[in-house]
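Summary of the model geometry
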Amino acid sequence: MTFSRRKFFAIAGTTAVGTLMVSPMKGLLAQQTYGSRFGIGYGPLLPDPNGLLDLPRGFQYQVISRTGTLMSDGSLEPSNHDGMAAFPGPKNTIILVRNHELSISSNTKVQVPNPYDPICKGGTTTLIVGRDDRQLIKEFSSLGGTIRNCAGGLTPWGSWISCEEDTTITTTTNGVTKPHGYNFEVPAKATSPVEPVPLVEMGRFNHEAVAVDPKTGIVYQTEDRGDSLFYRFIPKQYGNLKAGGTLQALRIKDKPEVNTTTGFVVGQKWDVDWVTIPEPNPTTVDNVRVQGQTLGAARFNRGEGIYYDDNKGKKDKNGKDDKKSKGEFYFTATSGGPVGGGQVWRYIPGEETIELFVESQSKDELDMPDNLVVAPFGDLILCEDGGGDNFLIGVTPSGEIYKFARNALETGEFAGACFSPDGDTLFVNIQSPGITLAIWGPWTSYRGYRD
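Quick notes on the rules
Residues numbered from 1 in each chain as written. Predicted model: local features only at pLDDT ≥ 70, side-chain atom pairs only at ≥ 80, totals over all residues. Heavy atoms only, no water. Pairing = 2+ DSSP bridges. Helix = DSSP H or I, 4+ residues; strand = E, 2+ residues; numbered from the N terminus. Axes fitted to C-alpha atoms, helices over the stretch in contact; angles between N-to-C directions. Salt bridge = Lys/Arg side-chain N within 4 Å of Asp/Glu carboxyl O. Buried < 20%, exposed > 50% of the residue type's maximum accessible area, 1.4 Å probe, protein only. Core = buried A, V, L, I, M, F, W, Y, C linked by side-chain atoms within 4.5 Å. Contact = heavy atoms within 4.5 Å. Polar contact = N/O pair within 3.5 Å; in protein donor to acceptor, adjacent residues only side chain to side chain. pLDDT = per-residue confidence, 0-100. Phe/Tyr/Trp six-rings, centres within 6.5 Å; stacked < 30°, edge-to-face > 60°. Lys, Arg positive; Asp, Glu negative; His and termini not counted.

Our next topic: the sheet that holds strand β10 (residues 183–187). As summarised here, the arrangement of the 3 strands in space is β8-β9-β10, forming an open sheet in which the pairing is antiparallel. Edge positions in the sheet fall to β8 (149–154) and β10, since each has one partner strand and no second. The sheet shows a mean angle of 30° between the axes of neighbouring strands, taken without regard to direction. Pairing between strand β9 (residues 159–164) and β10: 5 bridges, direction antiparallel. Its bridge partner being in β10, S162 is matched across the sheet by F184.

Bringing unusual backbone geometry into the picture now. A cis amide bond, omega 15°, links S432 with the succeeding residue P433. Counting through the fold element by element, P433 comes out in the loop between β25 (425–430) and β26 (435–440). Not every positive phi belongs to a glycine, and E257 is a case in point at roughly 65°. In this structure, M368 is a non-glycine residue whose phi angle is positive, near 60°.

This paragraph deals with the pattern of salt bridges. Summed over all chains, the structure comprises 19 salt bridges. Note that E77 is salt-bridged to R98, the shortest N-O span being 3.6 Å. In this pair, E77 is assigned in the loop between β3 (60–66) and β4 (81–89) and R98 in strand β5 (residues 93–100), connecting sequence segments 21 residues apart. We note that E77, like R98, is buried. Note that R302 and D224 form a salt bridge whose closest N and O atoms lie 2.8 Å from each other. In this pair, R302 sits in the loop between α3 (288–294) and β16 (303–309) while D224 sits in the loop between β12 (219–223) and β13 (231–235), placing the two residues 78 residues apart along the sequence. Each of the salt bridges in this network shares a partner with another, and the network as a whole consists of R225, D227, D286 and R289.

By the criterion of burial, strand β20 (residues 369–374) is predominantly enclosed, with 6 of the 6 residues buried. Bridge count between β20 and strand β21 (residues 380–384): 4 bridges; the pairing is antiparallel. The partner of P369 across the bridge, within β21, is E384.

With that settled, the discussion passes to the nonpolar core. In this structure, L392, F404 and I439 are the most contacted members of the largest nonpolar core, which totals 27 residues. Elements with a minimum of two residues in this core: β3, β21, β23 (401–407), β24 (414–419), β25 and β26. Sequence-distant contacts of L392, that is, excluding residues within four places in its chain, are made with I381, L382, C383, Y402, K403, F404, A405, F414, L426, V428 and I439. F230, L250, W270 and A333 belong to the second-largest nonpolar core, a separate cluster that totals 24 residues.

This part takes up the sheet that holds β21. As summarised here, the arrangement of the 5 strands in space is β2-β23-β22-β21-β20, forming an open sheet in which the pairing is antiparallel. Because the sheet does not close on itself, it has two edges, and the strands there are β2 (53–54) and β20.

Among the 6 residues of β9, 6 are classified as buried, and the element is accordingly described as predominantly covered. With burial as the criterion, each face of β9 is covered, one bearing S159, I161 and C163 and the other bearing W160, S162 and E164. Hairpin geometry of β8 and β9 is characterised by an intervening segment of 4 residues between the two adjacent antiparallel strands and by a positive phi of about 85° at G158.

Now for the side chain of N183. Tracing the chain through its elements places N183 in strand β10. At 3.2 Å, the side chain of N183 forms a polar contact with the side chain of H207.

So, on to the confidence of the model for the protein chain. Parts of the prediction with low pLDDT should not have their coordinates interpreted in detail. When pLDDT is averaged along the protein chain, the result is 90; 87% of the residues meet or exceed 70. pLDDT under 50 marks residues 18–37. Its contacts with residues more than four places away, or in other chains, come to 35 contacts. When the criterion is pLDDT under 50, residues 447–451 qualifies, and its contacts beyond four places in sequence or with other chains add up to 10 contacts.

It is worth spelling out the environment of S398 at this point. Within the secondary structure, S398 is located in the loop between β22 (391–395) and β23. On a C-alpha basis, the gap between S398 and V358 in space is 9.9 Å, while along the polypeptide they are 40 residues apart. Separated by 2.9 Å, the side chains of S398 and T396 make a polar contact.

Counting across every chain of the model gives 29 aromatic pairs. Seen from their ring centres, F300 and W345 are 5.5 Å apart, and the 80° between their planes marks the pair as edge-to-face. You can see F300 sitting in the loop between α3 and β16 and its partner W345 sitting in strand β18 (residues 343–348), a full 45 residues away along the chain. Using a relative accessible area of 1% as the deciding quantity, one classes F300 as buried. Note on W345: relative accessible area 0%, which makes it buried. With a centroid separation of 6.1 Å and 90° between ring planes, the pair formed by F377 and F419 is classed as edge-to-face.

Residue placement: E413 occurs in the loop between β23 and β24. Of the side chains with opposite charge, R302 lies nearest to the buried E413, which makes no salt bridge, at 7.4 Å. Those residues in contact with E413, other than ones at most four positions away along the chain, are D82, D370, E384, D385, N390, N429, I430 and Q431.

Another aspect to go through is the environment of S159. Positionally, S159 belongs in strand β9. In this view, S159 contacts F87, G153, L154, E185, V186, P187 and A188; residues no more than four positions away in its chain are not counted. Polar contacts involving the side chain of S159 include one to the side chain of T155, which spans 2.9 Å. For S159, the side chain forms a polar contact with the side chain of E185, separated by 2.5 Å.

Structure below.
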């Protein structure tokens, strides 16, 4: 769609209340057009009169920040908002650390005095937001000089791991001064740009996202390529990734070197083990995945979002607390499945098993899920990055799919979905033109599968 600068700034200053401002006829139209055929969720999505975000009845949103705004450090907010996490802050605040997926040729830049590589424009910004009013208090650049900081993940020790989805190396013509394809750590409570230290032993590849097992400190990593692997990094010291460790890739025991794009049944568990990557930091080639494939590692079609679920409060089949429930990781294969609409996989470290949890059979149902988060009430929230309309997709613990929100701008992917520490607010980005939103409402109101 044609999207004017005037319309963007008009929309970006708005707050909207889902459905209370919409006529019954428009509500019916929204149900017919955007309501999920596969699950009720929170009900039909009602058109936003501001043309930004369609939500179910009773939900509200507020724009937190937008590209081009003057930040607290005197620089302009960069574009291409991507992965993000929320942390508890001092004095009743929330800290958001947010990626900017910017390439060398991008039109905006994360401005810091100490960039990792001066020619490179990616990095992170940190936002301080009021917990109760969801108003932006402070915003500044916190990491710079990197390339295409796509996603990442939060750690149990209070930091954000920002991932480069780029493996550019120094040549005589590109002006790049250092190799890329690394993870960088940004403490949530940093008040100024951090010293950019590449975590080289975590691997140099097209990093997408990470999630940490709080029990062991092991970091699980995804890779955004058509023949990507699923990795784990075993650190030498819990919480000290700079101290190094061992990089490994997942192998399905009965299916060595398998391509998981098709041929798997939802819910069937497979035993796995891990192969050690001989050279996690190849400085001249991008072949970490090839090393793993040679050793039998499983291939996934564009591994992207990943999140850890501790399963606290999970119920067994009798509705009682499931004391046998183990922590588990969910991750997306954005282009997996028979129609290329995406898959969600579940890995359980306590069992060393993996299973296909969700697989798109139609892009009307699920269209290329990217970032994801496990909601406090147990559902997955998936950020679509497909063609046409993009939605925030909910998936219940039983695998039922529903549409929770629609990008009414009809341009740009959803990214960086994360819940506030108290679980009341869902923060999310629309990558283009670069908007960060807060969403809140009756999260526990859907009675279809909850108490």
